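Examination of the molecular architecture
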Amino acid sequence: MPELPEVETIAGDVHKAISGQQIVSAKVIKADVLREVTATQLKRRVAGVTIERAWRRAKHIVIDLSSGDRVVVQPRFTGALLIGTLESLSPAEHPYLTVEFVLDDGRSMFYSDIRRLGTVALMNAERFDAYSTKLGIEPLTDPFTGDYLLKLLSKSAQPVKKLIMDQYKVVGVGNIYANEALWRSRIDPSRAANEVTREEALQLRNDIVDVLTEAIAQRGSSFRDFRDTSGEPGKFVSFLAAYGRAGLECKRCGPNTKMIGTHEIDGRQTVLCARCQR
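Given the structure is predicted, the values throughout are model-derived calculations rather than measurements.

**Structural notes on the overall build of the chain**
- Helices and strands together make up the secondary structure of the chain, namely seven helices and 13 strands.
- Against the 2.2 N^0.38 benchmark of 19 Å for 278 residues, the chain shows a C-alpha radius of gyration of 20 Å, consistent with a compact globule.
- Principal-axis analysis of the C-alpha atoms places the extent of the chain at approximately 60 × 40 × 30 Å.
- Considering the chain as a whole, with its 278 residues, one finds that 51% of them fall into the buried category.
- Contacts in the chain between residues at least 24 apart in sequence constitute 66% of all its contacts with a sequence separation of at least 6.
- Summing over all exposed atoms, the chain offers an accessible surface of approximately 12,500 Å²; the carbon and sulfur share of this is 48%.

Here's what the structure looks like:
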């Protein structure tokens, strides 16, 4: 599932590519991805409006329209926004197109989704604000301090990895970057959150911020499905120290210590070094 760096990459690409463009019309190919509106309502409300900007909130791409509405895309596992013409897309992509926003310069923005678990919603400003305020703090903003994180951790006995992945607590940190940040901080992902010390919380906050920032600079991580708006993969995979490295040597402890993989914390793969993560 795309996490903060991947969604940030997509949102930035979309903003550069189509901000200022007018939507001529919308075509709904597979309506089961729509939320908040019907296909008829979507077509009526976006026709003739201008795209003002695209940005990220949590794991959503948010596209502000001149009408005050917002297109809110949640890619989930296999969703992607592609910009171009139908002819410019790979023929292999065509069966997975679900919604097309036709632009006044002859291009389109397509939402493609192989598994169709992602969603495309249209919300007015009031509805979006109500939706957004239920989500957690953005980790790349000033209010996300070590003390703020410590306060969150101190209130819960659940595993620290599970808590920092809770999108109602801290947004955008999914499985890849939770594994990475906890490895950098030398914290066992299964440790109870309220056992993390203030010093460790300060370090974990810094490592969360650093790994997300570094991943954005590399345009995210691609293992299977993630591609940017041009269909290109992210490059951060080669920098990973934990995620995807079960059975390989710990980059900190050396060849005599192997990384461990388990699904026991939250049902998703957790990778850690039992020697240096405590």
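**Focus on the pairing of strand β3 (residues 51-57)**
- Counting buried positions along β3 gives five out of seven residues, so the element sits mostly inside the fold.
- With six bridges connecting them, β3 and strand β4 (residues 60-65) associate as antiparallel partners. From the neighbouring strand, R57 faces β4, where its bridge partner is H60.

**Some words on the state of the cysteines**
- The tally for this structure, following the rule as stated, stands at zero disulfides.
- C273 takes part in no disulfide bond, and the closest cysteine sulfur, belonging to C276, lies 3.6 Å away.
- The class for C276 is buried, based on a relative accessible area of 9%.

**Here we look at a nonpolar patch on the surface**
- Together, M1, F77 and L117 make up an exposed nonpolar region whose accessible area comes to about 230 Å².
- Inspection of the secondary structure assignment puts M1 in the segment before α1 (4-18).
- Note on M1: relative accessible area 36%, which makes it partly exposed.

**Overview of the packing of aromatic side chains**
- Under the defined criterion, the tally for this structure stands at three aromatic pairs.
- Judged by centre distance (5.9 Å) and plane angle (80 degrees), the rings of W55 and F128 are edge-to-face. Taken together, the residues span a long stretch of sequence, with W55 in strand β3 and F128 in helix α3 (residues 125-133) at a distance of 73 residues. The two residues W55 and F128 agree in class, both being buried.

**Some remarks on the packing of helix α4 (residues 146-154) against helix α7 (residues 198-217)**
- Where α4 meets α7, the axes come as close as 8 Å, and the angle between the chain directions of the two elements is 115 degrees. Compared by their axis directions, α4 and α7 come out roughly perpendicular. In the crossing of α4 with α7, the sense of the turn from one axis to the other is right-handed. Residues G146, D147, L149, L150 and L153 of α4 pack against R198, A201, L202, L204, R205 and I208 of α7.
- Classifying every residue of the contact of α4 with α7 by side-chain character gives seven nonpolar, one polar and three charged.

Criteria and thresholds
Along each chain, the written sequence defines residue order, and numbers are assigned to residues from 1. At least 70 in pLDDT is required for a residue's local features to be given in this predicted model, at least 80 for side-chain atom pairs to be given and counted, and no such filter applies to totals for whole chains, interfaces and linings, which use all residues. Excluded from the side-chain calculations are hydrogens and water; all other atoms, namely the structure's heavy atoms, are used. In DSSP terms, a helix is any run of H or I states spanning at least four residues, a strand is any run of E spanning at least two, and both are numbered starting from the N terminus. The atom set for the radius of gyration is the C-alpha atoms, and the globule formula is 2.2 Å times the number of residues raised to the power 0.38. Only protein chains enter the calculation, and the probe is 1.4 Å; a residue is then buried if its accessible area is under 20% of its type maximum, exposed if over 50%, and partly exposed in between. Between two residues, a contact is recorded if the distance between any of their heavy atoms is within 4.5 Å. Working definition of accessibility: Shrake-Rupley area with a 1.4 Å probe, residue cover restricted to the visible protein chains. Following DSSP output, two strands are said to pair if at least two bridges run between them. For the purposes of this analysis, a disulfide is any pair of cysteine sulfur atoms at a distance within 2.5 Å. Patches here: salt-bridge-free residues with over 30% relative accessible area, like charges joined within 9 Å, nonpolar side chains (Val, Leu, Ile, Met, Phe, Trp, Tyr) joined within 5 Å. The rule for a salt bridge is simple: a side-chain nitrogen of Lys or Arg has to be within 4 Å of a carboxyl oxygen of Asp or Glu. Only Phe, Tyr and Trp rings are paired, with Trp represented by its six-membered ring, and only when their centres lie within 6.5 Å; those with planes under 30 degrees apart are stacked, over 60 edge-to-face, the remainder tilted. Only the stretch in contact is used when fitting a helix axis, every axis being a line fitted to C-alpha atoms; angles between N-to-C directions are given from 0 to 180 degrees. The scheme is simple: roughly parallel for angles under 35 degrees, roughly antiparallel for over 145, roughly perpendicular for 65 to 115, oblique for anything else. Take the far helix as the reference: if the near one is turned anticlockwise from it by less than a right angle, the crossing is left-handed, and if turned clockwise, right-handed. Here the nonpolar group is Ala, Val, Leu, Ile, Met, Phe, Trp, Tyr, Cys and Pro; Asp, Glu, Lys and Arg are the charged ones; every other residue, Gly included, is treated as polar.

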